[in-house]
Amino acid sequence: KNQVEQSPQSLIILEGKNCTLQCNYTVSPFSNLRWYKQDTGRGPVSLTIMTFSENTKSNGRYTATLDADTKQSSLHITASQLSDSASYICVVSAEDSNYQLIWGAGTKLIIKP
Amino acid sequence: EAQVTQNPRYLITVTGKKLTVTCSQNMNHEYMSWYRQDPGLGLRQIYYSMNVEVTDKGDVPEGYKVSRKEKRNFPLILESPSPNQTSLYFCASSMEHYNEQFFGPGTRLTVL
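About the thresholds
Residues numbered from 1 in each chain as written. Chains lettered and ligands numbered in written order. Predicted model: local features only at pLDDT ≥ 70, side-chain atom pairs only at ≥ 80, totals over all residues. Heavy atoms only, no water. Helix = DSSP H or I, 4+ residues; strand = E, 2+ residues; numbered from the N terminus. Rg over C-alpha atoms; globule rule 2.2 N^0.38 Å. 1 Å grid on protein atoms, 1.4 Å probe; cavity = no way out; pocket = protein on both sides within 12 Å on 5 of 7 lines; lining within 4 Å. Points joined across faces, edges and corners; volume = space filled by probe spheres on them. Nonpolar A, V, L, I, M, F, W, Y, C, P; charged D, E, K, R; others polar. Pairing = 2+ DSSP bridges. Core = buried A, V, L, I, M, F, W, Y, C linked by side-chain atoms within 4.5 Å. Buried < 20%, exposed > 50% of the residue type's maximum accessible area, 1.4 Å probe, protein only. Contact = heavy atoms within 4.5 Å. Phe/Tyr/Trp six-rings, centres within 6.5 Å; stacked < 30°, edge-to-face > 60°. Disulfide = S-S within 2.5 Å.

Caption draft 1: Summary view of the overall build of chain B. Along the backbone of chain B there are zero helices and 11 strands. For chain B, the sequential pattern of α-helices and β-strands runs β-β-β-β-β-β-β-β-β-β-β. Here the C-alpha atoms of chain B give a radius of gyration of 13 Å, agreeing with the 13 Å that 2.2 N^0.38 yields for 112 residues. Overall, chain B is about 35 × 25 × 25 Å in size when its C-alpha atoms are taken along their principal axes.

Okay, structure coming up:
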C-alpha cells in the first residue's frame with residue numbers, strides 16, 4: 001500500500017535554531033517528492049519538488065534531501081524565523097495509471113521567540 | 001496575478017440543500033484537483049481533472065460531483081450535503097499532474 005509517514009508529528013524550537021523534518025515513503029512506482037508549507041487555515045505553498053535523480057534541492061533557508069534507495073526525504077530549515085511556524089507536508093507522486101498523489105499528515109512546527 | 005480563486009470562502013448551509021463551490025485558475029493549467037482537510041488529518045483528494053472533459057475520482061469522492069467544461073474552471077458540487085461534509089476545502093491546479101500544485105485560499109463549509 002502506498003504510504004507517506006512524517007516525523008515528528010510536532011516540533012517546538014527556538015527562533016534562530018535549525019531543525020530537520022523527516023519523511024519516509026513506500027510509493028511505487030515513484031515519480032517525484034514534494035514538500036509544502038501550510039499556514040493554519042491557508043492553502044499549501046510549494047517549497048521544493050524532486051525527481052528520482054535529484055538528492056538535494058534548496059529554496060532559501062529550506063533544503064530538502066532525497067534518498068531514493070532508502071525511500072527517505074528530509075527538510076532542513078536553517079536559522080528559523082517566527083514566520084516558519086506552519087505545517088510542513090511531504091507528498092509523493094506515484095507514476096501509475098491514476099497519477100496518484102500520496103499526502104503525509106504533516107509536521108506541525110512552532111517557532112518560539 | 002497568477003492565482004487560484006475559490007468562492008465562497010465561507011459557507012454555512014443545511015443538510016440536503018444543494019451547493020456549488022467554484023474554482024478558477026488563470027495560469028492555463030491542465031491539471032486541477034479538489035481536496036478536503038479535516039482537523040488532525042492530511043489533505044485528502046476528492047476529485048481531479050487531467051484536462052478539459054476528463055475527471056476522475058480521488059480518495060474520497062462519495063457525495064461530491066465535479067465538472068470540467070472549460071480549462072480554467074473546476075466547480076465542486078454537493079448535491080445533498082450532510083454534516084460529515086463539514087470541512088475545509090481546497091482547489092489546486094498545476095501545469096501537468098507531475099508539476100507543483102498551486103492552491104486556492106480554501107472554502108470553509110459547515111453543514112448543519
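Caption draft 2: Broad picture of the layout of surface pockets. By volume, the largest pocket amounts to about 660 Å³. In terms of lining residues, the largest pocket is bounded by 28 residues, among which S87 of chain A together with Q37, P39, G40 and L41 of chain B are the most central. The set of elements that each furnish at least two residues to the lining of the largest pocket consists of β9 (86-94) and β11 (107-112) of chain A together with β9 (87-94) and β11 (107-111) of chain B. When grouped by side-chain class, the residues that make up the lining of the largest pocket number nine nonpolar, 15 polar and four charged.

Caption draft 3: Examining the pairing of strand β5 (residues 45-51) of chain A more closely. All names here are of chain A. Sheet topology places strand β4 (residues 30-38) next to β5; six bridges connect them, and they run antiparallel. By the bridge assignment, Y36 is partnered in β5 with S46. A loop of six residues connects β4 with β5, the two strands running antiparallel in sequence, and G41 in this loop sits at a positive phi of about 75°.

Caption draft 4: Representation of the nonpolar core. If you look at the biggest cluster of nonpolar residues, it comprises 26 residues, and the most contacted ones within it are V4, Y25, L33, W35, L75, Y88 and V92 of chain A. Of all the elements in the fold, those that place two or more residues in this core are β3 (19-26), β4, β5, β7 (62-67), β8 (72-77), β9 and β11 of chain A. Here this core takes five residues from β9 of chain A, the largest share from any one element. Once you skip the residues sitting within four places of it in the chain, L33 of chain A turns out to touch C23, Y25, T48, I49, M50, L66, S73, C90, V91 and V92 of chain A. In terms of nonpolar packing, the next biggest core, distinct from the first, is built from 19 residues, M32, L76, L109 and V111 of chain B among them.

Caption draft 5: Main features of the packing of aromatic side chains. All told, the structure shown has 10 aromatic pairs over all chains when counted by the stated rule. A ring pair is formed by Y36 of chain A and W103 of chain A, whose centres lie 5.5 Å apart and whose planes are at 25°; its orientation type is stacked. A residue pair is termed long-range when its members are at least 10 positions apart, and Y36 of chain A in strand β4 and W103 of chain A in strand β10 (residues 101-103) qualify at 67 residues. Assigned by exposure class, Y36 of chain A and W103 of chain A land together as buried. Ring geometry for W103 of chain A and Y35 of chain B: centres 5.2 Å apart, planes at 70°, overall edge-to-face. With one member in each of two chains, W103 of chain A in strand β10 and Y35 of chain B in strand β4 (residues 31-37) form a pair that bridges those chains. W103 of chain A sits in the buried class, given a relative accessible area of 11%. For Y35 of chain B, a relative accessible area of 0% corresponds to the buried category. Members of the aromatic cluster, joined through ring pairs, are Y36 and W103 of chain A together with Y35, F90 and F103 of chain B.

Caption draft 6: Focus on the state of the cysteines. Throughout the structure, instances matching the rule amount to two disulfides over all chains. C23 of chain A shares a disulfide with C90 of chain A; S-S distance 2.0 Å. As the torsion about the S-S bond is roughly -65°, the C23 of chain A-C90 of chain A disulfide counts as left-handed. Taken as a pair, C23 of chain A in strand β3 and C90 of chain A in strand β9 lie far apart in primary sequence, 67 residues in all. Here C23 of chain B engages in a disulfide with C91 of chain B; their sulfurs sit 1.8 Å apart. The sign of the -70° torsion about the S-S bond sets the C23 of chain B-C91 of chain B disulfide as left-handed. Here the residue C23 of chain B occupies a position in strand β3 (residues 19-25), and C91 of chain B occupies one in strand β9, the gap between them amounting to 68 residues. On the accessibility criterion, C91 of chain B (0% relative accessible area) is buried. C19 of chain A forms no disulfide, and the closest cysteine sulfur to it belongs to C90 of chain A, at a distance of 15 Å. Relative accessible area serves as the criterion here: at 6%, C19 of chain A is assigned to the buried category.

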